[in-house]
Amino acid sequence: MLLFLLRRIGVMLLTALCLTFVVFYLTNLPAKLETLAKTQAGSRISDAEVASWLERNGYARPMVVRYGEWLGVVPGWTRADAEGTVTGRCYRLAAVEGEAYVPERCGLLQGYWGNSTRFRAPVSDVITARLGATGMLMAWVLIVMVPMALVVGVMAGMREGSRTDRSLSTFAIASTATPEYVSGVFLIALLASSTVGLSPLLSSWGWIDGPVLFQGNARSAMEQITFWNFALPVMTIALYGMGYIARITRASMTEVMTQQYIRTARLKGVSFTNIVLRHALRNALIAPFTVIMLQIPWLLNGVVVVEVLFSYPGFGWTLFEAAVNNDIELLLAASVVAVVVVLLTQLISDVGYVWLNPRIRIS
Amino acid sequence: MEELGWLAIFGRMAVQFLPVWVAMALVFGLSITWRRRLGLYGKLFDSTIGMIGFGIVIFWLFTAVFADLIITHDPLAQVSQMRNVVPGTPLPNPDGRYEYYLLGGDSIARDVFSRMVMGAREVLRIAPFAAMISFMIGIALGLPAGYFGGRLDTGLTFVANLVLAFPVILLFFLLVAPEIQFTLIPTVMAGVLFLVPILFLMVLLNARFFTQPGKRNLYVGGVLVFGLWAYSGLAFNADPLGFWGISPNILNVFVAVVFVNAPTVFRIVRGITLDIKTRDYVAAAQTRGEGPWYIMMWEILPNARGPLIVDFCLRIGYTTILLGTLGFFGLGVSPESPDWGSTINDGRRLLTVYPHPALVPAFSLMSLVLGLNLLADGLREESLKD
């Protein structure tokens, strides 16, 4: 088990290294650096001025060296100008963090994440604040999605081929066929529009005070989360992710229900409810567990779409803003966070699968 | 003129879709008549769910094919005074154009109905081909990885997991950015990715016909000539005859979508291969002295077709969702493009006041993906019955 864990972590670190290099390469392409120079030093500067700006800011050196600096394994560049004042990568980054001491190496590993050009604040502050907001969203999504998906899957799977099974399976298929940007649009039109859907009807009957039932914009949830401003984004993400988990649970449940020990329990005279709850459920939930963990990276997709659609300034929204505004350091940091989240969930799902499944754990 | 009621709107839309109905009736009539002779495809018509899914899919397919006959207005033309109008609004002065905006107008006064119809063409021009290329790549790499195992397997699996560990959306932001289009990256990736299908087909045919050099030379040579012709146009935009061509925008989207999909297909094919290579008929072929590529391509692959066909349907649906996501973020599409994702994106700004410009493409996209998923479900059920 320990060896397995060590090997998994080794592969994970190698993967992280490769992925961050790819991200670094793609965000530091010459064309992107040129755009950066133009946004920082004025949009009408000539090509020669762009080149000298890049030279002065340490961008004109080989990609691998800059990757090393960014990671924090290579000492940061320094330069002394004509008057003898020394500037360099680490001088600038220490200033961003508000520290007087200038270290030799300043990169990701030392905790120097750089400065965001879009939000004009240290990247680490931006990321932590946004991650908190997204954590809230994800927590609610999981609270809504997982029980709903498991109930649907178990209900459908316990009697394969029944009418309940047919209708719940069709529902699960429909929910996987509706990506977030579609269900979000449907939900807003149905529940949060002042001209169509339910809201004008309820409003004319005098059942609700405001013009709309739910808020189509979740920005106010940053200060205070209420049911009315948070339900739609949560539902939008939960609906898309739910179908897949429900289908896996159903498949796993139908398989368990054909096992010998279920037949034995049935012949013993155990009631159907007890068979499902005490004998089948525990074995049927091993496969969905790994899927739920692997679903978290997929939720990240949904988070970006939903946060942009409902203008909820969380991590996904930040990623979008960083990509659109060519905010290289923020995009890099956000990518690292995203990649680490993905790899960690993969690790947890692998370890969890082994740990939950006695057949693998003992052998 | 009067504004149309919903009944009249649907009646007029049904009339516009006339070519689609005729084509669908033909396909269904012929298929149901001969369903016993059509193998798995024919069996699809025994399952209600599969038939519904198939119906929705060919509805959109024929809509894409006959789009020019169906549209009522130029999807890019703007008619003044028709900004954000509700469905069924008559044009102020038609002058020989169609008299109504059947599904209303969008925020810059274009016809929502015509854009929805042309959007089907945009989506179906990319999604099935992207899924097909992903499949060829996944198969061409997954078969040897599963069959030979060892170092090759470890290396390829590591690379596949690398791509899979990338959050899709991040990959899109990085890979479909406007700056990337001016670099060599999409061209190089297209050069590699599009080469695999040609190699795949050549190996496939060579493994089968290498004992008959005459036939082999004809088939492999044909694939090589035709493949390289298409390859020069699609990957490098350098087709000498100018028949194959692809705009850098679309190429970039295409490459990104294939890149995201291929590793999943690879994993599926590898898994199936690991399972099938222990079967008796593979051992029999090995004893006969067949080469490894013959066994992979003509013994293992045909026996893996069931799950692969099902996954192919799902993958087209997933690709459609990915294309919609790209359009939703305005990545890699021209701003005027009528594809569903970017139309939803355009419509979402005024969503709470004028929902119809976003609802129409949203509903179209959902129905197409739902149709593909139902089709896949029907196929899975029918293929399990054997």
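Residues numbered from 1 in each chain as written. Chains lettered and ligands numbered in written order. Predicted model: local features only at pLDDT ≥ 70, side-chain atom pairs only at ≥ 80, totals over all residues. Heavy atoms only, no water.

### Some remarks on the UniProt feature "transmembrane region" (unreviewed entry) in chain A
All names here are of chain A.
Moving on, step 1. According to UniProt, the positions carrying the feature "transmembrane region" (unreviewed entry) are residues 9-27, 137-158, 227-246, 285-310 and 330-356.
Moving on, step 2. Helix makes up 92% of residues 285-310 and strand makes up 0%, while its end C-alpha atoms are separated by 33 Å.
Moving on, step 3. Summarising residues 330-356: 100% helix, 0% strand, and an end-to-end C-alpha distance of 38 Å. (UniProt positions renumbered as here; feature names shortened; annotations may be inferred. Helix = DSSP H or I, 4+ residues; strand = E, 2+ residues; numbered from the N terminus.)

### Quick notes on the domain arrangement of chain A
All names here are of chain A.
Moving on, step 1. Taken domain by domain, chain A holds domain 1 (2-122) and domain 2 (124-362).
Moving on, step 2. Distance from the C-alpha centre of domain 1 to the C-alpha centre of domain 2: 36 Å.
Moving on, step 3. Counting residues at the interface gives 29 residues for domain 1, matched by 26 residues for domain 2.
Moving on, step 4. Buried surface at the junction of domain 1 and domain 2, summed over both partners, amounts to about 2,500 Å²; 71% is from carbon and sulfur atoms.
Moving on, step 5. Summed over the shared surface of domain 1 and domain 2, the number is one salt bridge.
Moving on, step 6. Along the contact surface separating domain 1 from domain 2 lie nine residue pairs in polar contact (both at pLDDT 80 or more).
Moving on, step 7. When residues of the side of domain 1 that touches domain 2 are traced back to their parent elements, those giving at least two are α1 (2-27), α2 (30-41), β3 (115-116) and β4 (121-122).
Moving on, step 8. With 12 residues, α1 is the single largest residue contributor to the side of domain 1 that touches domain 2.
Moving on, step 9. For the side of domain 1 that touches domain 2, a count of residues per class yields 16 nonpolar, nine polar and four charged. (Domains from an automatic or database assignment. Contact = heavy atoms within 4.5 Å. Buried area = accessible area lost by both parts, 1.4 Å probe. Salt bridge = Lys/Arg side-chain N within 4 Å of Asp/Glu carboxyl O. Polar contact = N/O pair within 3.5 Å; in protein donor to acceptor, adjacent residues only side chain to side chain. Nonpolar A, V, L, I, M, F, W, Y, C, P; charged D, E, K, R; others polar.)

### Observations regarding the pattern of salt bridges
Residue and element names in this part refer to chain A.
Moving on, step 1. Applying the stated criterion to the full structure yields 19 salt bridges over all chains.
Moving on, step 2. In this structure, Asp165 engages Arg250 in a salt bridge whose closest nitrogen and oxygen atoms are separated by 2.7 Å. A residue pair is termed long-range when its members are at least 10 positions apart, and Asp165 in helix α7 (residues 163-176) and Arg250 in helix α10 (residues 227-257) qualify at 85 residues.
Moving on, step 3. For Asp165, a relative accessible area of 3% puts it in the buried group. (Buried < 20%, exposed > 50% of the residue type's maximum accessible area, 1.4 Å probe, protein only.)

### Observations regarding the packing of aromatic side chains
Residues and elements named next belong to chain B.
Moving on, step 1. Taken as a whole, this structure holds 32 aromatic pairs over all chains when the rule is applied.
Moving on, step 2. With centroids separated by 5.6 Å and ring planes inclined at 90 degrees, the aromatic side chains of Phe28 and Phe45 adopt a geometry described as edge-to-face. One end of the pair, Phe28, is in helix α2 (residues 18-33); the other, Phe45, is in the loop between α3 (39-43) and α4 (48-65), and 17 residues separate them in sequence. For the pair Phe28 and Phe45, a shared accessibility class is recorded, and that class is buried.
Moving on, step 3. When the ring of Phe226 is compared with that of Trp229, the centres are 6.0 Å apart and the planes differ by 80 degrees; the resulting orientation is edge-to-face. Separated by three residues within a single helix, Phe226 and Trp229 lie in helix α11 (residues 213-236), roughly one turn from each other. (Phe/Tyr/Trp six-rings, centres within 6.5 Å; stacked < 30°, edge-to-face > 60°.)

### A word on the interface of chain A and chain B
Moving on, step 1. Facing 52 residues of chain A, the contacting portion of chain B comprises 43 residues.
Moving on, step 2. On inspection of chain A and its partner chain B, the count reaches two salt bridges.
Moving on, step 3. The shortest N-O distance in the salt bridge between Glu381 of chain B and Arg166 of chain A comes to 3.9 Å.
Moving on, step 4. In this assembly, chain A and chain B are joined by three residue pairs in polar contact (both at pLDDT 80 or more).
Moving on, step 5. The element best represented in the side of chain A that touches chain B is α1 of chain A, accounting for 10 residues.

### Quick look at empty space enclosed by the protein
Which parts of space are left empty comes out when a probe the size of a water molecule is rolled across the atoms.
Moving on, step 1. For the structure shown, the criterion picks out six cavities of 30 Å³ or more.
Moving on, step 2. In this structure, the largest cavity occupies an estimated 120 Å³ of space.
Moving on, step 3. What lines the largest cavity is a set of 14 residues, and nearest its centre among them are Glu180, Tyr240 and Asn301 of chain A together with Ile321 and Thr325 of chain B.
Moving on, step 4. Contributing elements (two or more residues each) for the lining of the largest cavity: α8 (180-191) and α13 (286-309) of chain A together with α8 (168-175) and α15 (305-328) of chain B.
Moving on, step 5. Top element by residues in the lining of the largest cavity is α15 of chain B. It accounts for four residues.
Moving on, step 6. For the lining of the largest cavity, a count of residues per class yields 11 nonpolar, two polar and one charged.
Moving on, step 7. By volume, the second largest cavity amounts to about 70 Å³.
Moving on, step 8. Taken together, Asn84, Asp106, Ser107, Arg110, Arg115, Thr343, Asp346, Gly347, Leu350, Tyr354 and Pro357 of chain B make up the full set of residues lining the second largest cavity.
Moving on, step 9. No other element matches the three residues that helix α16 (residues 340-347) of chain B contributes to the lining of the second largest cavity.
Moving on, step 10. For the lining of the second largest cavity, the residue count by class is three nonpolar, four polar and four charged. (1 Å grid on protein atoms, 1.4 Å probe; cavity = no way out; pocket = protein on both sides within 12 Å on 5 of 7 lines; lining within 4 Å. Points joined across faces, edges and corners; volume = space filled by probe spheres on them.)

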